[in-house]
There are 2 protein chains.
Amino acid sequence: MDNRPIGFFDSGLGGLTCIPYLMQALPNERIIYFGDTARTPYGSKAEKTIRAFGAGIAGFLAEQNVKMIAIACNTVSSIALGEIRRRHPELPVLGIISPASHTVAKTCSPENRIGVIGTKATIRSAAYPHKILRYNPALDIYQQACPALVPLIEEGIIENEIMDLTLRYYLDQFLSYNEIDTLVLGCTHYPLVRRNITKLYPGLRIIDPSEEMLESIRDALGRRELFASGEAGAKRADNIFYASDLSENFVNMINRIFAGTDLRVTFKSIDLEEAAEREGLDYGF
Amino acid sequence: MDNRPIGFFDSGLGGLTCIPYLMQALPNERIIYFGDTARTPYGSKAEKTIRAFGAGIAGFLAEQNVKMIAIACNTVSSIALGEIRRRHPELPVLGIISPASHTVAKTCSPENRIGVIGTKATIRSAAYPHKILRYNPALDIYQQACPALVPLIEEGIIENEIMDLTLRYYLDQFLSYNEIDTLVLGCTHYPLVRRNITKLYPGLRIIDPSEEMLESIRDALGRRELFASGEAGAKRADNIFYASDLSENFVNMINRIFAGTDLRVTFKSIDLEEAAEREGLDYGF
């Protein structure tokens, strides 16, 4: 039994898509979310920068006395997971790549043709193919970077011809040429355009790593006996959402994600001076 | 006579579009450029964040012993120019809004219908209409935010149907409904899609504030007798380009901008730890 909160972070807003599932599946748990909206998007930045930013945020969450760090960001999970685990040996640190890779490896056969889409950094790291092939070396995996999707989604350009055209720009040839039948949404923003994708490519099987990650959080809490007791869970207002920049986009995205749920949340802007000092401490590598 | 360099900065890569003109027009001058590629784009962030980032970079340039700070970023010029001037009373600090506003006010009549496009923050600040109307209160000015343009341009999606469609998404109705005949490109990224705009809307007069800013830099150097002597100008390799993130996009954008020129430049990645400490000093307001 452990009533400390779960630390959860993303490079920006995308990781918020996991939160309603997490809160509904594990209603006793408190969450501290950090979205690095001041420096989003990460996916086209250099690896050194991504490692420094990821380590800085993990350090911030550790200082908030969390019982676990869950990295909702595919880019950070691809590049910085090892670094963050080395810095926080006392905490379980979960990435988003392994759980989905395990599901793909388990449920696909050599007849399937598997596609992975993500940011430039995620695709360049080849984290998904490496993991999937480690679990099941017989599979065929193809990758495609889609760098314009995140900024368009962050601007709310979703139910729109521009989004459809951008998806077709990246996916038409990729899917047909490689005869993809299973597509991994290797970026937490992409579930927000899942409906566009299924409309454009109706036969495709879609894997959403956020759903698989939720299972792995539940497993890790269970294995280590870290579930929270009921009393703490009643205090829903204790869920805290930090953003390094509390902008209009942040508020719009939250409204979009939490529309239709009865979940109550509290939002806080993180103090920039404090954050810079904390990050300063963590940049030294 | 003053052989110190000119400090020049932008939220990211857009400000680089001004540099070849500046180097050709003022070949004796050395330039220190800072592009905040680790935190770009600024245009949809909160005003407090934009002021803090702008002040931090201006402080960094002042420490490099520049003789002038030129803010190529429309968003920072709109939001943080006053703050930066207050912090650096010893230096001339030039924004990009005033010079273009002056040109519009001087060359347009009440028969013209003037449009301004920019980021959300620039448009919300109404910096262009305020300035233009101060110089010429008889003019009609209309504004349109185009938040998806910067991320698409930073991803190199330019000579492409997606860019044309995105431009039409923002501009078709705006231009025709308001009968715009003069369009101010209120973001330093937009000159990179100027060709798309003139192809889609052939009759439109385009105002590029970078060109007007160049004149204002020359004027300010002349008025204060700050021109560099010839000897320093010979050392072209002394031009330094700092980026907070030396990513693939940065290199691609530089190649695009400097293609076909004979200008030699040196690039440096700024040390993140140092930057965070410096910014920490400047965040206290």
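Residues numbered from 1 in each chain as written. Chains lettered and ligands numbered in written order. Predicted model: local features only at pLDDT ≥ 70, side-chain atom pairs only at ≥ 80, totals over all residues. Heavy atoms only, no water.

Draft legend 1. Here's a closer look at the overall build of chain A. Helices and strands together make up the secondary structure of chain A, namely 13 helices and 10 strands. Out of the 285 residues in chain A, the part that is buried amounts to 64%. Within chain A, contacts between residues at least 6 apart in sequence are counted, and of these 78% link residues at least 24 apart. Accessible surface computed for chain A: about 11,000 Å², of which carbon and sulfur atoms make up 48%. (Helix = DSSP H or I, 4+ residues; strand = E, 2+ residues; numbered from the N terminus. Buried < 20%, exposed > 50% of the residue type's maximum accessible area, 1.4 Å probe, protein only. Contact = heavy atoms within 4.5 Å. Areas by Shrake-Rupley, 256 points an atom, 1.4 Å probe, with all protein chains shown as cover.)

Draft legend 2. Quick look at the environment of Leu167 of chain A. Residue and element names in this part refer to chain A. Within the secondary structure, Leu167 is located in helix H8 (residues 161–178). What makes Leu167 buried here is its relative accessible area of 0%. Separated by 21 residues in sequence, Leu167 and Cys146 place their C-alpha atoms 8.2 Å apart. Apart from residues lying up to four places away in sequence, Leu167 is in contact with Leu149, Asp172, Val193, Asn196, Ile197, Leu200 and Tyr201.

Draft legend 3. View of the packing of aromatic side chains. All names here are of chain A. Evaluation of the coordinates by the stated rule reveals 12 aromatic pairs over all chains. Taken together, the ring pairs in this structure connect Phe8, Tyr33 and Phe241 into an aromatic cluster. In this structure, Arg39 packs its charged tip against the face of Phe53, placed 3.6 Å from the ring centre. (Phe/Tyr/Trp six-rings, centres within 6.5 Å; stacked < 30°, edge-to-face > 60°. Lys NZ or Arg CZ within 6 Å of the ring centre and 35° of its normal.)

Draft legend 4. Spatial organisation of the packing of helix H4 (residues 97–107) of chain B against helix H10 (residues 209–223) of chain B. Residue and element names in this part refer to chain B. At a minimum axis separation of 8 Å, H4 and H10 run at an interaxial angle of 105 degrees. Here H4 is positioned roughly perpendicular relative to H10, judged by the angle of their axes. Side by side, H4 and H10 meet where Pro99, Ala100 and Thr103 of the first sit next to Pro209, Glu212, Met213 and Ser216 of the second. (Axes fitted to C-alpha atoms, helices over the stretch in contact; angles between N-to-C directions. Parallel < 35°, antiparallel > 145°, perpendicular 65-115°, else oblique.)

Draft legend 5. Spotlight on the packing of helix H2 (residues 47–63) of chain A against helix H3 (residues 74–87) of chain A. All names here are of chain A. Contact geometry for H2 and H3: axes closest at 9 Å, N-to-C directions at 55 degrees. If you check the angle between H2 and H3, you find them oblique. As for the relative orientation of H2 and H3, their crossing is right-handed in sense. Facing Glu47, Ile50, Arg51, Gly54, Ala55 and Ala58 of H2, the residues of H3 in contact are Thr75, Val76, Ile79, Ala80, Glu83, Ile84 and Arg87. Its residues placed into classes, the contact of H2 with H3 shows seven nonpolar, two polar and four charged. (Left-handed = near helix turned anticlockwise from the far one by under 90°. Nonpolar A, V, L, I, M, F, W, Y, C, P; charged D, E, K, R; others polar.)

Draft legend 6. Seen up close, the sheet that holds strand S5 (residues 113–118) of chain B. All names here are of chain B. The strand order across the open sheet formed by four strands is S6-S5-S7-S8, and the pairing between neighbours is parallel. Two strands in the sheet have a free side with no partner beyond their single neighbour: strand S6 (140–145) and strand S8 (205–207). When the angles between neighbouring strand axes are averaged without regard to direction, this sheet yields 25 degrees. In the sheet, S5 pairs with S6 via six bridges, with the strands oriented parallel. Pairing of Gly118 across the sheet is with Ala145, part of S6. (Pairing = 2+ DSSP bridges.)

Draft legend 7. Quick look at the pairing of S5 of chain B. All names here are of chain B. Most of S5 is tucked away: five of the six residues are buried. The sheet contact formed by S5 and strand S7 (residues 182–185) spans four bridges and is parallel. Counterpart to Ile117 in the pairing with S7 is Leu185.

Draft legend 8. Just the interface of chain B and chain A, in detail. At the junction of the two partners, chain B supplies 38 residues and chain A supplies 38 residues. Across the interface of chain B and chain A, roughly 3,100 Å² is buried in total on both sides, 59% from carbon and sulfur atoms. Viewed at the interface, chain A and chain B are joined by eight residue pairs in polar contact (both at pLDDT 80 or more). (Buried area = accessible area lost by both parts, 1.4 Å probe. Polar contact = N/O pair within 3.5 Å; in protein donor to acceptor, adjacent residues only side chain to side chain.)

Draft legend 9. Representation of the confidence of the model for chain A. Residue and element names in this part refer to chain A. Confidence in the prediction for chain A averages 86 pLDDT; 87% of positions are at 70 or higher. Ranking the helices and strands of chain A by mean pLDDT puts strand S7 (residues 182–185) first, with 98, and helix H13 (residues 272–282) last, with 46. Segment residues 279–285 is flagged for pLDDT under 50; beyond a separation of four residues in sequence, or across chains, it makes 20 contacts in the model. Taken over the whole predicted complex, pTM reads 0.80, whereas the ipTM for its chain interfaces reads 0.71. (pLDDT = per-residue confidence, 0-100.)

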